[in-house]
Amino acid sequence: MTFYEQIWSWPNLLFAYRRASRGKRGRGMVAAFEHRLEEHLFELQEALRGCTYRPGSYRSFFIHEPKRRLISAAPFRDRVVHHALCQIVESCWTAGFIDDSFANRVGKGTHRALNRVQEFSRRFPYVLQCDIQQFFPSIDHERLREILAWSIADPQVLWLVDQILDGSIGIFAEEYTMRYFPGDDLLALFRPRGLPIGNLTSQCWANCYLNGFDHFVKRELRCPGYVRYVDDFLLFGHDKRQMMGWKKALQDRLSQLRLTLHPGAHPRPVTEGVPFLGFVVYPERRRLKRRKGIYFQRRLRRQLAAYQESAKSEEQIQVSVQG
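Since the model is a prediction, treat every value here as computed from it, not as a measurement. (Residues numbered from 1 in each chain as written. Predicted model: local features only at pLDDT ≥ 70, side-chain atom pairs only at ≥ 80, totals over all residues. Heavy atoms only, no water.)

Visitor: So what's going on with helix α6 (residues 110–123)? Which residues, and what values?
Guide: The first and last C-alpha atoms of α6 sit 20 Å apart over 14 residues, in line with the 20 Å expected at 1.5 Å per residue. Residues Ala113, Leu114, Val117, Gln118, Phe120 and Ser121 constitute the buried set of α6. Taken down its axis, α6 places every buried residue within 165° of arc, on the same side. Where α6 is buried, its residues contact β4 (225–229), β5 (232–237), β7 (274–276), β8 (279–281) and β9 (286–288). (Helix = DSSP H or I, 4+ residues; strand = E, 2+ residues; numbered from the N terminus. Expected span 1.5 Å × (residues − 1). Buried < 20%, exposed > 50% of the residue type's maximum accessible area, 1.4 Å probe, protein only. Arc of directions from axis to C-beta. Contact = heavy atoms within 4.5 Å.)

See below:
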């Protein structure tokens, strides 16, 4: 059985539905899908089997915690497909990831990333903290597809990847600030780019997109202490001059992915504290940022109010609190 046949197999689609609906069964779109579950899954299976599947339109909205972001939610039917795809082939894409990439991976996460940052803060006196400008809106579809194709040769799987990518074209049209790179002409403006924040596939593919960059930092720059969480990454070292050289090399490497660093990054003593993932990390302690604490309190109060009004179940609250 090929990878693609495993994706549209009935057991995989049923499992994908259960994963996609976890904690969301009370929502209208999910409840409507579940009401005629077998019929919807059969239609989805036939569309995937016959390569006639086309994604639906995204529903977009803004959130403002911790900063303004455009979130684009796929129809529930498409979310089932995203889970079905990732369940079968994600391990092929993630097999070569470095240990110090912590976002959206089983056995990793924010707390392990913070522990690693604290460990490096005790071993090295300086840190170079970087992040990428407009990371998700900037991800180039052509570059991404080339990266994904290195691990998966099944043409039908790549066809499904293309459908998902094509369905997201234009989502960030008003959010992306155009940047030109060496060799670009005016047609670069029309290059398909951007992954919707919130898609399961986007979380996985974002890590795939930067995996080569991770290996560059570890193998070519030989950085002894490196941590990445999505588009935020830290380089630890002993020599500030060497770390400034790393910064130039990082930007050159990222330009090959059509990405740019936020300006202003420079080596700083770790004793000043490293702001990362909502905390300020010191060699011997860590402190939750005040605005994060306020945000968590507000969100928990809203969740409890919804529970008291029977608008949310205990299962939904637990899923939200545990992330």
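Visitor: Any chance you could break down the sheet that holds β7 for me, citing the residues and the numbers?
Guide: Whenever strands of a sheet pair, they do so through backbone hydrogen bonds, lying parallel or antiparallel. Spatially, the three strands line up as an open sheet ordered β7-β8-β9, and their pairing is antiparallel. In this open sheet, the two strands that pair with only one neighbour each are β7 and β9. The sheet shows a mean angle of 25° between the axes of neighbouring strands, taken without regard to direction. One ladder, built from three bridges, connects β8 with β9; its direction is antiparallel. Across the sheet, the residue bridging to Val281 is Arg286, located in β9. Helix-sheet contacts for α6 involve β7, β8 and β9, and the interaxial angle to β7 is about 165°. (Pairing = 2+ DSSP bridges. Axes fitted to C-alpha atoms, helices over the stretch in contact; angles between N-to-C directions.)

Keep in mind these values describe shape, not function.
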